[in-house]
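# What the coordinates show
Here are the chains, one letter per residue:
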Amino acid sequence: MFEERPSPIIASAASARKLPRLALLALLILFIIPGLLSRDFWSSHEISIFAVALTMINGSGVDWMLPNIDGVAYYTSGPLTAWVAAIFAKLFGWLFGIDSAARLSVLAWFAMGTASVWYGTWYLARRDEAQPVALAFGGQADPRDYGRVVADAALLLFIATFGLFVPIREMVADAALLAVTAGFFFSLAWTFTRPLGGPLLTGVMVSTAILVSDLFSGCVLLLIALIIHARFHAYETPFIMRATSIVVSAAALFFIWPVLAVGIAIETVDAWFAAWWNAQLALFSGISLSAINNAVKNCLWFLWPLWPFVLFSLYAFRKQLDRTHIKLPLWISAGLAFFGLTGNISGDHYLMILTPTLSVLAAFGLLSSHRSRASMLDWFSATVFTLALATLWAYYIAWNLGWPPKMAKSVINLAPGIEPTVHGLLFVLCFVTLLAWLTLVLWRMNRKQVVAWKGPWLAAAGVTALSLTCVYLFGPAIDNARSYAPIAQAASLAYESESREGDCLSTHTLDPAKRVLFNFYGLSLSSNAQCRFNLERVQNNQDEMIAYHFEILGLYNRPRDRETFALLKNN
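Residues numbered from 1 in each chain as written. Predicted model: local features only at pLDDT ≥ 70, side-chain atom pairs only at ≥ 80, totals over all residues. Heavy atoms only, no water.

Once that is clear, we can look at the overall build of the protein chain. Across its full length, the protein chain carries 26 helices and 6 strands. Taken against the 2.2 N^0.38 rule, which gives 25 Å for 571 residues, the C-alpha radius of gyration of the protein chain at 26 Å falls within 12% of a compact globule. Projected onto its principal axes, the C-alpha coordinates of the protein chain cover approximately 95 × 65 × 45 Å. Taking all 571 residues of the protein chain together, the buried fraction comes to 54%. (Helix = DSSP H or I, 4+ residues; strand = E, 2+ residues; numbered from the N terminus. Rg over C-alpha atoms; globule rule 2.2 N^0.38 Å. Buried < 20%, exposed > 50% of the residue type's maximum accessible area, 1.4 Å probe, protein only.)

The subject of this paragraph is the pairing of strand β5 (residues 550–557). Where β5 lies against strand β6 (residues 564–570), 7 bridges are found, and the strand directions are antiparallel. Counted as the bridge partner of Gly554 is Leu567 from β6. Between β5 and the antiparallel strand that follows it, β6, lie 6 residues; Arg560 among them carries a positive phi value of about 60°. (Pairing = 2+ DSSP bridges.)

This paragraph deals with the nonpolar core. Membership of the largest hydrophobic core comes to 176 residues, with the highest contact counts inside it found for Leu328, Phe518 and Leu535. It is helix α7 (residues 143–159) that provides the largest number of residues to this core, a total of 11 residues. Residues contacting Phe518, with those up to four places away along its chain left out, are Tyr484, Ile487, Ala488, Leu510, Leu523, Leu525, Leu535 and Phe565. (Core = buried A, V, L, I, M, F, W, Y, C linked by side-chain atoms within 4.5 Å. Contact = heavy atoms within 4.5 Å.)

What the rule picks out here adds up to 1 disulfide. Through a disulfide, Cys504 is tied to Cys531; the S-S separation comes to 1.8 Å. Residues Cys504 and Cys531 are joined by a disulfide whose S-S torsion is about -110°; by sign, that bridge is left-handed. Of the two residues, Cys504 sits in the loop between α24 (485–498) and β3 (505–506) while Cys531 sits in the loop between α25 (512–520) and β4 (533–538), which places them 27 residues apart along the sequence. Judged by relative accessible area, Cys531 falls into the buried class, the value being 4%. Counting only cysteine sulfurs, Cys430 is the nearest neighbor of Cys470, a cysteine outside any disulfide, at a range of 9.6 Å. Judged by its relative accessible area of 22%, Cys470 is partly exposed. (Disulfide = S-S within 2.5 Å.)

Take the pairing of β4 next. Where β3 meets β4, 2 bridges bridge the pair, whose relative direction is parallel. Of the residues in β4, the one forming a bridge with Leu505 is Phe533. You can see the chain leave β3, run along α25 and come back into β4, and the turn it takes is left-handed. Relative to β6, β4 is paired through 6 bridges, and the arrangement is antiparallel. Paired with Val538 across the two strands is Thr564, which belongs to β6. (Right-handed = clockwise from strand over helix to strand, strands pointing away.)

Quick look at the sheet that holds β4 now. Overall, mixed pairing links the 4 strands, which are arranged β3-β4-β6-β5 in an open sheet. Of all strands in the sheet, those bounded by a partner on one side alone are β3 and β5. Lying on the sheet, α24 is in contact with β3, β4, β5 and β6; it crosses β5 at an angle near 155°. (Axes fitted to C-alpha atoms, helices over the stretch in contact; angles between N-to-C directions.)

The linkage connecting Trp304 with the following residue, Pro305, adopts the cis geometry, with an omega of 5°. Tracing the chain through its elements places Pro305 in the loop between α14 (289–302) and α15 (306–316). The phi angle at Asp70 is positive, at roughly 55°, despite the residue not being glycine. Examined against the element boundaries, Asp70 turns out to sit in the loop between β1 (68–69) and β2 (72–73).

Turning our attention to the packing of helix α10 (residues 215–231) against helix α16 (residues 324–339). The N-to-C vectors of α10 and α16 enclose an angle of 140°; their axes lie 10 Å apart at closest approach. The angle between the axes of α10 and α16 places the two elements in the oblique class. Handedness of the α10/α16 crossing: right-handed. Counted together, Phe216, Val220, Leu221, Leu223, Ile224, Ile227, Ile228 and Arg231 of α10 and Lys327, Leu328, Trp331, Ile332, Gly335, Leu336 and Phe339 of α16 form the full contact between these two elements. (Parallel < 35°, antiparallel > 145°, perpendicular 65-115°, else oblique. Left-handed = near helix turned anticlockwise from the far one by under 90°.)

In this structure the tally under the stated criterion is 9 salt bridges. Note that Glu498 and Lys569 form a salt bridge whose closest N and O atoms lie 3.8 Å from each other. Of this pair, Glu498 sits in helix α24 while Lys569 sits in strand β6; the two residues are 71 residues apart in sequence, bridging distant segments of the chain. Of the residues examined, Lys569 reaches a relative accessible area of 17% and is grouped as buried. Salt-bridge contacts for Asp511 lead to Lys514; the nearest nitrogen and oxygen are separated by 3.2 Å. Judged by its relative accessible area of 30%, Asp511 falls in the partly exposed class. Residues joined in a network through salt bridges with shared partners are Asp511, Lys514, Arg537 and Glu563. (Salt bridge = Lys/Arg side-chain N within 4 Å of Asp/Glu carboxyl O.)

Glancing now at the packing of aromatic side chains. For the structure shown, the criterion picks out 44 aromatic pairs. Here Phe385 and Trp437 contribute two aromatic rings whose centre-to-centre distance is 6.1 Å and whose plane-to-plane angle is 85°, an arrangement assigned as edge-to-face. One end of the pair, Phe385, is in helix α19 (residues 371–401); the other, Trp437, is in helix α21 (residues 424–446), with 52 residues separating them in the sequence. The burial state of Phe385 is the same as that of Trp437; both residues are buried. Following the ring pairs from residue to residue traces out a cluster consisting of Tyr75, Phe254, Phe255, Trp257, Trp272, Phe273 and Trp276. The aromatic ring of Phe232 is capped on one face by Lys327, whose charged end is 4.6 Å from the ring centroid. Lying across the ring of Trp331, Lys327 places its NZ or CZ 5.0 Å from the centre. (Phe/Tyr/Trp six-rings, centres within 6.5 Å; stacked < 30°, edge-to-face > 60°. Lys NZ or Arg CZ within 6 Å of the ring centre and 35° of its normal.)

Let us look at α21. Taking 1.5 Å of rise per residue, 23 residues should cover 33 Å, and α21 covers 33 Å from first to last C-alpha, within 8% of that figure. Every buried residue of α21 is accounted for by Cys430, Thr433, Leu434, Trp437, Leu440, Val441 and Arg444. (Expected span 1.5 Å × (residues − 1).)

Nonpolar side chains collect at one region of the surface, where Leu37, Ile87, Leu91, Phe92, Trp94, Leu95 and Phe96 lie side by side and expose about 700 Å² of accessible area between them. With respect to the helices and strands, Leu95 occurs in helix α4 (residues 80–96). A relative accessible area of 48% means that Leu95 is categorised as partly exposed. (Patch = residues over 30% accessible without salt bridge, like charges linked within 9 Å, V, L, I, M, F, W, Y side chains within 5 Å. Areas by Shrake-Rupley, 256 points an atom, 1.4 Å probe, with all protein chains shown as cover.)

Interaxial distance between α4 and helix α6 (residues 105–125) falls to 8 Å at its minimum, and their mutual angle equals 120°. Considered as vectors, α4 and α6 are oriented oblique to each other. Judged by residue contacts, Leu80, Thr81, Val84, Ala85 and Phe88 of α4 engage Ser105, Ala108 and Trp109 from α6. In terms of residue class, the contact of α4 with α6 is built from 6 nonpolar, 2 polar and no charged. (Nonpolar A, V, L, I, M, F, W, Y, C, P; charged D, E, K, R; others polar.)

What follows is the structure, given as structure tokens:
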């Protein structure tokens, strides 16, 4: 009787050859740095976190414990994302400016997320049951090398995921929660070798999910952790001990926040947390049909290149799904997918939190697939990213030369009034990036490499080259299209030209985050409701504004954005 094949993976020592650590570290740095410095804010969520952090920096301990935006309580996400941003702004604001320094907090979450994916995969891949087939005449990869190459593949696939291209660089709660979800996976994998420390770390991740995002996210992670600990027999210590450690450590860390809040803001803490509790309960209302529809429509491109190799993994291990290295990331992914349907979250948020564990499954799928299938990632990456880089350079040249006119007009429509500029150092950097990418593609085409990390490396390098080129060639155009700074500057000039001594500028319709942001950009908005000038977000037509005896001094909006702001003068 033939025994069942111990593993669908065949990995020789040559295929598990080490990826140079300096090369991997350099790739990670080049991947994340573009878009962190010298840019404005890209989304309303990023503006809100910055507004909360700025209020903390300029406020007192009450503002740190009870997050608010210019006095208006903020419950959309937990305080930890803003705490980290405010700390970075205080430490490095003198060097980079407050806004850029606050955005550097993304580096902390990125480091946490990538390290968690790598080490969590490494611990799983080194287990005896995860080892590849022993070759008849020897030469298979040893456990340490095999664990390292699987971990490298998982990390490279993680940063190469299309859907994370922009969100992972933003100073938002979702990016922080992504890192926490990866840390949650690591804690469960670490528990196999650290039966005491692992559950404590799991509890820390559960409470951290609440502090960076919301109560719903923490409850989902807690429920998944308890189910896994109850059903996985590979854990050594008794379940009750592990479950108690998770719950106690989660509660202990979380309650530090309200206890400190009581000590600092005892007069207002009850009302703030009562409103926070109601906001958290509202998140348990279930995902909307529009969010589900959005997730279904976007999942194929958002989760590329993960999902093909996840399917390969599930097929290859179809008779061995109870193996811990497959079972753990699979159960976490399934738990997040199932319980995520019970929360009022967006479709992109739903897909984002799946990427860490899907990256692990994809890495095992990559190594279990036939070499011709694994090479599909190489050729796809070489083709798609080469065409994408060529397109970016073509539009950049058209923007500078004005020809071809249609291509030039497309960039001008995106950034009207912005003159094309050529920053010498950045231009050289982008050109060197293009040459390096073409060299890497030609090297791959002319050499048949057996190393398992070659495909993920090419995909991650392509995403990195694309981000460098896009941000540094089109930085001014992107900022003009996404930033509120030009609006604030134009409104400020118009107000100063019309105002007299003693006049003030107020607003009734701007949300608190944009009020703080416009003040930061130099447009001083007063809290006096009787000001002669107003800056308002236009929701009605101009005739209605005129009917209310306002003179329109200016209308401002971002290119291709329906949101319009009006500078009004009271007649």
